[in-house]
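Reading the structure
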Amino acid sequence: MIAKIQDKFKAVFGGSADMYASAGRINLIGEHTDYNGGYVFPGAIDKGIVAAIRPNGTNKVRAFSLDYNEQTEFGLEEADKPKQAWACYIFGVCRETIKRGGKVEGFDTVFAGDVPLGAGLSSSAALESCFAFAINDIWQNGIDKFELAKIGQSTEHNYCGVNCGIMDQFASCFGKKGCLIRLNCKTLEYKYFPFDPEAAGYKLVLVDSCVKHELASSAYNKRRASCENAAAAIRKNHPEVEFLSDAKRLWLEEVRTEIPEEDFLRAEYVIGELQRVLDVCDALERGDFETAGEMMYQTHFGMSKLYEVSCEELDWLNKLARKMDVTGSRVMGGGFGGCTINLVKAELYDAFVAEAKEQFSARFGHAPKIYDVVISDGARKLQ
Ligand code: GLA
């Protein structure tokens, strides 16, 4: 991929450029908790975005996407938003950097990625973090890594229409080889946890349903609004509740009849998910993968029945995993399609993957994709 990008850069713009990379992410547990001020437990993966970037001495960005085989040009003023969705991520990162007082001038770039799109692995966060990191490095803006992650998050909010939390951009900025990171999304305290399932006889595998839901971003924003609504109701009785994750289960019960049933169920899931992240981290520190896996199943149940971000294909994959004694399995990421993440004993791996492929194809008429992921480094300059 690196050589292809360099060749294309030379062909389109001439000469060579500095190379930057960033990563997609997985999340072992802690879903839809980030914008509720709770915990998440992600890690960067060995699939990401690579970009060649060189200042061009103008005030225009000229960008070439190898994956879309498309080139575009845009200025750096608010009114210059490009038409292509992929270019809006780069434009947004430039604008958000400028809003924070950073310097950005025109540049030429060619980029490509190998994060499967729509699989819930945060290809967009990888793109944002790659450019946020590169721009900060090239113009020596001295913006810290948390703010770089927030530049990506604000890009989603202000230029892409998704009211996302901080998890994806955090993981792709802070990712470290061999480690998952537990982040408290309220205080932004974080801790690296070495994660080596293979050493304990397990494998982590993603099964991609290849289902993508059109309205996923509006459904996502709706989930967030439900949580904020529930938190606001609880806050009337308990002013210390800033985020939903500050609330106790009992406090939610107190407002049950005051909020729509739907909002209650969403909040019930979020409050349960908080404790599960802490339980999984404790279990992993003891090397107890069985407990971690059981929590993953509980999360799937909550995401499917209470938060309602699963779908028929993902529920089916989760059931198959349970039937085959896979240690842990659940829908990963925002939901509405995409992948299940599975923690599976090494000796069961081949059989599980074979069954998932065969039975899923027979049931749904298309094969799922299988990704083995390696926990890797996040945003960086390539040497
Ligand atoms: C998407 C968002 C994240 C997070 C997850 C769900 O990936 O970008 O901020 O909310 O969904 O956990």
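What counts and what doesn't
Residues numbered from 1 in each chain as written. Predicted model: local features only at pLDDT ≥ 70, side-chain atom pairs only at ≥ 80, totals over all residues. Heavy atoms only, no water. Near = heavy atom within 4 Å. Polar contact = N/O pair within 3.5 Å; in protein donor to acceptor, adjacent residues only side chain to side chain. Areas by Shrake-Rupley, 256 points an atom, 1.4 Å probe, with all protein chains shown as cover. Nonpolar A, V, L, I, M, F, W, Y, C, P; charged D, E, K, R; others polar. Helix = DSSP H or I, 4+ residues; strand = E, 2+ residues; numbered from the N terminus. Buried < 20%, exposed > 50% of the residue type's maximum accessible area, 1.4 Å probe, protein only. Expected span 1.5 Å × (residues − 1). Arc of directions from axis to C-beta. Contact = heavy atoms within 4.5 Å. Axes fitted to C-alpha atoms, helices over the stretch in contact; angles between N-to-C directions. Parallel < 35°, antiparallel > 145°, perpendicular 65-115°, else oblique. Left-handed = near helix turned anticlockwise from the far one by under 90°. Pairing = 2+ DSSP bridges.

**Things to note about the site of the ligand**
Lining the immediate environment of the ligand, one finds Arg 25, Glu 31, His 32, Asp 34, Tyr 35, Cys 164, Gly 165, Met 167, Asp 168, Tyr 220, Gly 333 and Gly 334. Here an oxygen atom of the ligand sits 3.0 Å away from a polar atom, N or O, in the side chain of Arg 25. Interatomic distance of 2.7 Å between a side-chain N/O atom of Glu 31 and an oxygen atom of the ligand. Notes on the ligand: free accessible area 310 Å², of which the protein chains cover 92%. For the shell around the ligand, the per-class residue count stands at four nonpolar, four polar and four charged.

**Observations regarding unusual backbone geometry**
What you tend to see is this: most non-glycine residues have negative phi, and most peptide bonds are trans. Although it is not a glycine, Gln 140 adopts a positive phi angle of roughly 45°. Structurally, Gln 140 can be placed in the loop between α3 (123-138) and α4 (145-159). Given the relative accessible area of 62%, Gln 140 is considered exposed. Although it is not a glycine, Asp 325 adopts a positive phi angle of roughly 65°. Along the chain, Asp 325 falls in the loop between α10 (312-323) and β10 (328-331).

**With respect to helix α1 (residues 2-13)**
For α1, with twelve residues, the first-to-last C-alpha span of 16 Å sits near the 16 Å given by 1.5 Å per residue. Here α1 has its buried residues at Ile 5, Phe 9 and Phe 13. For α1, the arc enclosing every buried residue in end-on projection is 40°, short of the 170-degree limit, so these residues lie on one face. The outward face of α1, more than 90 degrees from its buried face, is lined by the exposed residues Lys 4, Asp 7, Lys 10 and Ala 11. On the buried face of α1, the contacting elements are β1 (18-27), β3 (42-55), β4 (60-65), β5 (70-75) and β6 (107-113). Looking one or two residues past α1, Gly 14 carries a phi angle of roughly 85°, positive in sign.

**Quick word on the packing of helix α2 (residues 85-99) against α4**
Where α2 meets α4, the axes come as close as 8 Å, and the angle between the chain directions of the two elements is 115°. In this view, α2 runs roughly perpendicular relative to α4, as classed from their interaxial angle. Classified by chirality, the crossing of α4 by α2 is right-handed. Here α2 contributes Cys 88, Tyr 89, Phe 91, Gly 92, Val 93, Arg 95, Glu 96, Thr 97 and Lys 99 to the contact with α4, which in turn contributes Ile 151, Ser 154, Thr 155, Glu 156, Asn 158 and Tyr 159.

**A look at the side chain of Asn 342**
One can find Asn 342 in strand β11 (residues 337-345). Residue classification places Asn 342 among the buried positions, given a relative accessible area of 0%. Excluding residues that lie within four positions of it along the chain, Asn 342 makes contacts with Lys 203, Leu 204, Val 205, Val 207, Ala 321, Val 326, Gly 328, Ser 329 and Phe 352.

**Here's the deal with the sheet that holds β10**
Read across the open sheet, the four strands follow the order β10-β11-β9-β12; overall the sheet is antiparallel. Only two strands of the sheet have a single partner each, and these edge strands are β10 and β12 (369-372). Ignoring strand direction, the axes of neighbouring strands in this sheet form an average angle of 20°. Here strand β9 (residues 202-212) runs beside β11; their pairing, made up of eight bridges, is antiparallel. Its bridge partner lying in β11, Leu 204 is registered against Leu 343. Packing against the sheet, helix α11 (residues 349-364) makes contact with β9, β11 and β12, and its axis sits at approximately 10° to β9.

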